[in-house]
Amino acid sequence: MRHACSRVLFAVLSVAVLCAGLICGSAGAQDSVEAFYKGKQINVVVGSSAGGGYDAYARLLARHMGNFIPGNPAIIVQNMSGAGSNRAAGYVYGVAPKDGTVIGAIFPGAVLQPLLGDATGAHDPSKLIYLGSANSDQYVCFVRTDAPVKTFQDVLSQELIVGASNEGATTRDLPTVLNNVLGTKFRIVTGYAGSREITLAIERNEVQGTCGVGWTGIVTIHPEWFERGTVKVLVQLGIKGHPDLDRMKVPLAIDFARSADDRAVLELVMSQSSFGRPFVIPPGVPAERVAALRKAFLAALQDKSLLAEGEKMKLDIEPLSGEDLQTLVRRLYATPVHIVERARQALAAKPQR
Amino acid sequence: MEGIGADAAFMAAAASKAFLALIEPHRLMFLMLGCIMGLVLGIVPGIGGLTGTAMLLPFTFAMDPYSAFALLLGLGATTSTGDPIPAILFGVPGGAASAATVLDGFPMAKKGEAGRALSAAYMSSLMGGVFGAMLLAISIPILRPVMLYLGSPELLAFSVLGISMVAVLSGSAPLRGVAAGCLGIMIAMIGSDPQTGTLRWTFDSLYLWDGLPLTPILLGLFALPELCDLLIARVAIAAGFEKADIYKGQWQGVKDCFDNWWLILRCSWIGGGIGSIPGISASVVDWLAYGHALKTEKGAHLTFGKGDVRGVIASESSNNAKEGGALVPTIAFGVPGSATMAILLGAFLIHGLVPGPDMLHKNLDITYAMVWSIALANILGAGLCYAFSPQFAKLATLRYTLILPAVLGIVYIGAFEASRQWGDLYALLFFGVVGWLMKQFKWPRPPLVLGLVLGDTIERYLFISLERYGPDLFLPWRWLASWDSFTFHLSPWRWFTSEAQIYHPVMKIILIMAVVGLLRPFLADIKRQGGISKLLTSFQMPTFHPAQLFTMFFIVVMGALVIAALPWHFSAKIVPLVVGGIGIFVAVSSLFNDMCRKPSAVVNESLGDKAQQEVGEKIHMDLTSDTGHLPVRTIVQRAAIFFGYLLAFMATMVVIGLIPTVVVLVIVFMRLEGNERWSLVIPYAACLVVGIYIAFDYFMAVPWPQSLIGQVFPALRIIPSVH
């Protein structure tokens, strides 16, 4: 039995070695990006399970990006959910091969949390290489029009019941920071599973509004709410205004900051709105492949057929280039320590009752 | 915000328009295609329709909405039709919502009635799915008002009502049942706490951050113990019934369903109802329907869990109805009732449909097309299953050395599919041992599952309700405290006005029902044992036997969990402390009862008999080990061999990766255990590996964990799963 066993094993091994040899040989022959990617497969590792928004963006990108990478590699999507995508980020950072065959699709939280949260992930966001972000979403606060609070100014003096999911989610973190930095009176009811459950709670008047949901998402699911004036957007939670919302004269929350430090804290926490869907690769990928991937990323997101599909799927495409995102992250991680510390405290403090 | 008013004629017109559109040949073809994929995905344990639906979504872009939903719903609706096949044949639940099928389906297979059980499962799936769709079809006009009426306090009450089923599902061992339920809730609390973000019992591991996934726990609790006992008994599952007439059994199964159509109707409406409540996991519908059948069916207390076809019928009719129910919040509010529905919601947007009032009015024909798709998919799915059923049923008569390696390999990969990391396999192994011990020592496992699934929901809605409405809502003595409140509760016509937002009368009624349901079996149990006075007097000096070690182990584990919880933030620890306290109290009472109760019969030698004698005459609400005829020594020895295989599997996987390990497992197991000939072993291993490769590596693109050999010799990474 043992004899037969070892023979089978030997056969398997020799075939494997032969195949591997062939691949290595062809890669060594031509030292160019095209030669490297020819016949290769790129895995896009998504930090959420199948079916969510991050997954939808990754699959959309995977269907098109291969056409723009020299050598036209096949691109497949793998789902690796867990720990708010920190697991996938850790995998891309430390475990995945550093040859440009693995791309991570992570949450903005996985970029920001190591700086602002207590959780110590296995990755260092400032060392990841960014291919860019597929969209930027403006977070907003909105309320039922029958609620006593009518403007953002009102929340500074009157209580407003807002629905939120768990800690680390924008629906909990952003109103908490507003309470602690601007002195707003959001009464934050935490525990809803996600933004869809919160909107249902708003619909049944269990909560009066919510703070920290993406504008494009909510207006897609409930366009009639805004058309008929069932709800009203109170404030924008971003660094700069969204054209639609600016037209509706919705103020920016950072404009209510009373000091430069306050403003810096708010900017730090709200920075994630400008990179809604970051795509990353591990540190150590050869520079010419990084350049090719970044170029392909932008080209794919400007491609007509991708945009048409995105339009159909109601996925908002607003690319941010890899270089710009890299600079942005570098700047975030260079924020003065006392600002970071204040932001941490503002995030950690218990929601006011 | 309301948009009701679709009158009967309008509804009928929309329904018939949708039906005519759906039965066009090319749409039926898409539906059929979806059904076939759903069945294939459903049969493999641990895989639902989620990945399949996500991958299919892009292909539906170019289709018209009817075809797109036919394809997606065909897949979604039939994944649970295939689930009972492994549940009945091997005791391995094919999906989270068919664990209850194991309880009666597997004993039926052991009695040579696999054909009948499978047939009853398909037919009840079919009828349940159709009834569920019917419920959806007729309730369309009232969907939105009903859903808007159910706030967090009501959802909390429903979850508590669900968990009160623990009492029924504990059978003759109510104390152990409650203790197991408490353990389930505690396990559900593992991970980041939704209130404060406290990392509860995560032991610094990222894996536990999101909590334990359900699949490895269910496979561990229910599948591994059956496989272990198969190895211990060393016979075919249906040993001695090789000649059973499968076709006759099939006919009998169909007849059973028609005889029990009323039960099917009730269970499917339970499934549809629970499936339609967003935020309550539908993975327990099978247990709730099973518990309902146990409570209401004649003589069920004596035969359930021993191969009563009604148990299979109850479980399967409910879980096929849940997908129809899950459609409700998706179409009415855009809140997906299940993960598959989240993807369906994506399909809505692609086809320019906005969930909400429009779906029940302007686009009512599309809504009905979905209802029809689900109904037809269930019929097609069951039909396909019937076509292959005789071959399936024969599997139960094969010798154990042929069954075990393939099923074990697939259970491993199915568990790994849950969150695709090593932790899944540790969880599988851990709960496998716990499940086997629970089975041997007659601790009922169903309450643990109930606690596990509902515990999280209860905590979530409890905190939302407390934070939103304050604690007074939950203090019964405050309910009638003011005159206004008093008159409100006495005037039911006011219960459905906006005042319900203040007083939540429905929540109160359901909570009272839950408390009654929870206490009644205990009171009955005390009465059966001769009242409290008799209970308090029939004690003796403590006696000890090894089975009590398990109870002690349980107490220690719960104690350790409670101690670890002490330093947490108040909102993070309050529920774990209360539940842990109850669990420990109940387990200590149970232990005291075991040690100090005067024995009433002669003690036999085997573990099984001893345990049976402890829990008394009443039905034990779980599968029992049929290894009682073997001496304890042999049982322990062979169980050690079984779990040794599992450990060896994992060790090998570290070195050479998952798929090669399956090859090694097949070869070693079949040669060592059964001395099977090479001409059988090699093709067997080859087929299994090719199947696994296509399903998991090629189709699902599972990110395999790293293996030593892949690290040392990167060239070998060409072999699937070696990384």
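Just so we're clear, the structure is a prediction, and the values are computed from it rather than from any experiment. (Residues numbered from 1 in each chain as written. Chains lettered and ligands numbered in written order. Predicted model: local features only at pLDDT ≥ 70, side-chain atom pairs only at ≥ 80, totals over all residues.)

Student: I tried to follow the overall build of chain A on my own but got confused; where do I start?
Tutor: Looking only at helices and strands, chain A features 16 helices and eleven strands. Here chain A, with 353 residues, has 51% of them falling under the buried criterion. For chain A, the proportion of contacts with a sequence separation of at least 24, taken over those separated by at least 6, is 78%. (Helix = DSSP H or I, 4+ residues; strand = E, 2+ residues; numbered from the N terminus. Buried ≥ 20, exposed ≤ 12 C-beta atoms within 10 Å, placed from the backbone. Contact = placed C-beta atoms within 7 Å.)

Student: Looking at this structure, I do not really get the overall build of chain B. What am I missing?
Tutor: Along the backbone of chain B there are 34 helices and two strands. For 723 residues, the compact-globule estimate of 2.2 N^0.38 gives 27 Å, and the C-alpha radius of gyration of chain B, at 26 Å, lies within 12% of that figure. The buried share among the 723 residues of chain B stands at 58%. Summarising the internal contacts of chain B: among those between residues at least 6 apart in sequence, 79% fall at separations of at least 24. (Rg over C-alpha atoms; globule rule 2.2 N^0.38 Å.)

Student: Is there a simple way to explain the sheet that holds strand 7 (residues 186–190) of chain A in this structure?
Tutor: Backbone hydrogen bonds are what pair the strands of a sheet, in a parallel or an antiparallel way. All names here are of chain A. The mixed open sheet is built from five strands, whose spatial order is 7-6-8-5-9. The open sheet terminates on both sides in strands that have one partner only, identified here as strand 7 and strand 9 (231–237). Shown here is a sheet whose adjacent strand axes are inclined to one another by a mean of 30°, direction ignored. As paired elements, strand 5 (residues 139–144) and strand 8 (residues 209–214) share five bridges and run antiparallel to each other. The partner of Phe-142 across the bridge, within strand 8, is Thr-210. Sitting on the sheet, helix 7 (residues 170–182) touches strand 5, strand 6 (160–164), strand 7, strand 8 and strand 9, and the angle it makes with strand 8 is about 115°. (Pairing = 2+ DSSP bridges. Axes fitted to C-alpha atoms, helices over the stretch in contact; angles between N-to-C directions.)

Student: Help me out: how do you make sense of the sheet that holds strand 10 (residues 278–281) of chain A in this one?
Tutor: All names here are of chain A. Pairing is mixed in the open sheet, where six strands are placed in the order 2-1-3-10-4-11. Edge positions in the open sheet fall to strand 2 (74–79) and strand 11 (320–321), since each of these has one partner strand only. In terms of strand pairing, strand 4 (residues 129–133) meets strand 10 through four bridges, oriented antiparallel. Within the sheet, the bridge partner assigned to Ser-133 lies in strand 10 and is Pro-278.

Student: Help me out: how do you make sense of the packing of helix 7 (residues 114–139) of chain B against helix 14 (residues 261–275) of chain B in this one?
Tutor: Packed helices, taken two at a time, are described by the angle between their axes plus the distance between the axes. Residues and elements named next belong to chain B. Where helix 7 meets helix 14, the closest approach of the two axes is 8 Å, and the angle between their N-to-C directions is 60°. Regarding the angle of helix 7 to helix 14, the classification is oblique. Of the two elements, helix 7 crosses helix 14, and the hand of that crossing is right-handed. Of the residues in helix 14, those touching helix 7 at Ser-124, Met-127, Gly-128, Phe-131, Gly-132, Leu-135 and Leu-136 are Ile-264, Leu-265, Cys-267, Ser-268, Trp-269, Gly-271 and Gly-272. (Parallel < 35°, antiparallel > 145°, perpendicular 65-115°, else oblique. Left-handed = near helix turned anticlockwise from the far one by under 90°.)

Student: Please clarify how the domain arrangement of chain A should be interpreted in this entry.
Tutor: A common way to report how large an interface is uses the accessible area buried once the components associate. All names here are of chain A. Taken domain by domain, chain A comprises domain 1 (34–136 + 275–334) and domain 2 (139–272). Domain 1 puts ten residues into the contact, and the matching count from domain 2 is six residues. A breakdown of the residues in the side of domain 1 that touches domain 2 according to their chemical character gives four nonpolar, four polar and two charged. (Domains from an automatic or database assignment. Nonpolar A, V, L, I, M, F, W, Y, C, P; charged D, E, K, R; others polar.)

Student: Sorry if this is basic, but what is going on with the interface of chain B and chain A here?
Tutor: Across the contact, 48 residues belong to chain B and 49 residues belong to chain A. The leading source of residues in the side of chain B that touches chain A is helix 18 (residues 339–350) of chain B, at six residues. Classifying every residue of the side of chain B that touches chain A gives 28 nonpolar, 14 polar and six charged.

Student: Is there a simple way to explain the environment of Phe-554 of chain B in this structure?
Tutor: Residue and element names in this part refer to chain B. When you line up the elements, Phe-554 lands in helix 28 (residues 548–565). A tally of 26 C-beta atoms within 10 Å means that Phe-554 is categorised as buried. Placed 98 residues apart in sequence, Phe-554 and Asp-456 show a C-alpha to C-alpha distance of 21 Å. Those residues in contact with Phe-554 that lie beyond four places of it in its chain are Ala-179 and Ala-587.

Student: Help me understand the domain arrangement of chain B in this model?
Tutor: All names here are of chain B. Once the domains are mapped, chain B shows domain 1 (8–459) and domain 2 (632–718). Between the C-alpha centres of domain 1 and domain 2 there is a distance of 28 Å. At the junction of the two partners, domain 1 supplies 24 residues and domain 2 supplies 26 residues. Of all elements in the fold, only helix 12 (214–233), helix 20 (400–416) and helix 21 (422–440) reach the threshold of two or more residues within the side of domain 1 that touches domain 2. Top element by residues in the side of domain 1 that touches domain 2 is helix 20. It accounts for nine residues. Tallied by class, the residues present in the side of domain 1 that touches domain 2 amount to 16 nonpolar, five polar and three charged.

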